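Structure assessment
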Amino acid sequence: MELVPDVTLAVAGVAGSPWLIPLAALYVWMRLWNAASVSLEEEDAFVVYSLWLHRNGENKISEDNAFLKTETLAHKHGFPAITKEKFTKIIDKLLSLECVEMEEGIIWLREWVRIEY
């Protein structure tokens, strides 16, 4: 909703000057791109990494097992422990981004993870 005024003003601003249309289109595209970008924190990425490492052959893992495996992995690598509350918030964030789906406590990874060193 916050983009509607910007887009409206950009379109209205070029009504009298057709040569400004490409600039208005670029402006609108940049605003949409910035609004669509989502930042992932280090903890978010760590949870995704743990889910990927511990998934089964169908790219699924139970939520309880995922939390336990993430705790173990964090301890193994010397990272701060992730609380159950924080883990749940991260899973909710991944659900909202449609990176994962969840049904009856089973997390289904919908995205591929490529690990590079």
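As shown above, the structure is provided for reference.
As a starting point, this report considers the structure included with it.

Definitions and cut-offs
- Residues numbered from 1 in each chain as written.
- Predicted model: local features only at pLDDT ≥ 70, side-chain atom pairs only at ≥ 80, totals over all residues.
- Heavy atoms only, no water.
- 1 Å grid on protein atoms, 1.4 Å probe; cavity = no way out; pocket = protein on both sides within 12 Å on 5 of 7 lines; lining within 4 Å.
- Points joined across faces, edges and corners; volume = space filled by probe spheres on them.
- Nonpolar A, V, L, I, M, F, W, Y, C, P; charged D, E, K, R; others polar.
- Pairing = 2+ DSSP bridges.
- Helix = DSSP H or I, 4+ residues; strand = E, 2+ residues; numbered from the N terminus.
- Axes fitted to C-alpha atoms, helices over the stretch in contact; angles between N-to-C directions.
- Contact = heavy atoms within 4.5 Å.
- Expected span 1.5 Å × (residues − 1).
- Buried < 20%, exposed > 50% of the residue type's maximum accessible area, 1.4 Å probe, protein only.
- Arc of directions from axis to C-beta.
- Salt bridge = Lys/Arg side-chain N within 4 Å of Asp/Glu carboxyl O.

Now for the layout of surface pockets. Reported here for the largest pocket is a volume of approximately 220 Å³. Considering the residues around the largest pocket, the lining is formed by E42, E43, A45, F46, Y49, A74, H77, F79, P80 and I82. Looking at the lining of the largest pocket, its residues break down into seven nonpolar, one polar and two charged.

Once that is clear, we can look at the sheet that holds strand 3 (residues 106-109). One open sheet accounts for three strands, arranged 1-3-2; its pairing is antiparallel. Each of the sheet's edge strands pairs with one partner strand only, and the pair in question is strand 1 (60-62) and strand 2 (100-103). Averaged over all adjacent pairs, the angle separating strand axes in this sheet is 25°, with direction ignored. Bridge analysis of strand 2 against strand 3 gives four bridges, and the strand direction is antiparallel. For E101, the partnering residue across the bridge sits in strand 3 and is W108. Along the sheet, helix 4 (residues 63-76) makes contact with strand 1, strand 2 and strand 3, crossing strand 1 at roughly 85°. Along the sheet face, helix 5 (residues 84-96) touches strand 2 and strand 3 and points at about 110° away from the line of strand 2.

A word on helix 4. An ideal rise of 1.5 Å per residue puts 20 Å on 14 residues; helix 4 measures up with 20 Å between its terminal C-alpha atoms. Among the residues of helix 4, E63, A66, F67, T70, L73 and A74 are the ones counted as buried. Across the axial projection of helix 4, the buried residues extend over an arc of 130°, all falling on one side. The exposed set on the far side of helix 4, more than 90 degrees from its buried face, consists of D64, T72, H75 and K76.

What follows is about the pattern of salt bridges. Scanning the model with the defined rule gives five salt bridges in all. Measuring nitrogen to oxygen at the nearest pair gives 3.9 Å for the salt bridge that ties D64 to K84. On the criterion of sequence distance, the pair formed by D64 in helix 4 and K84 in helix 5 is long-range, its members being 20 residues apart. By relative accessible area, which is 34% here, K84 ends up partly exposed.

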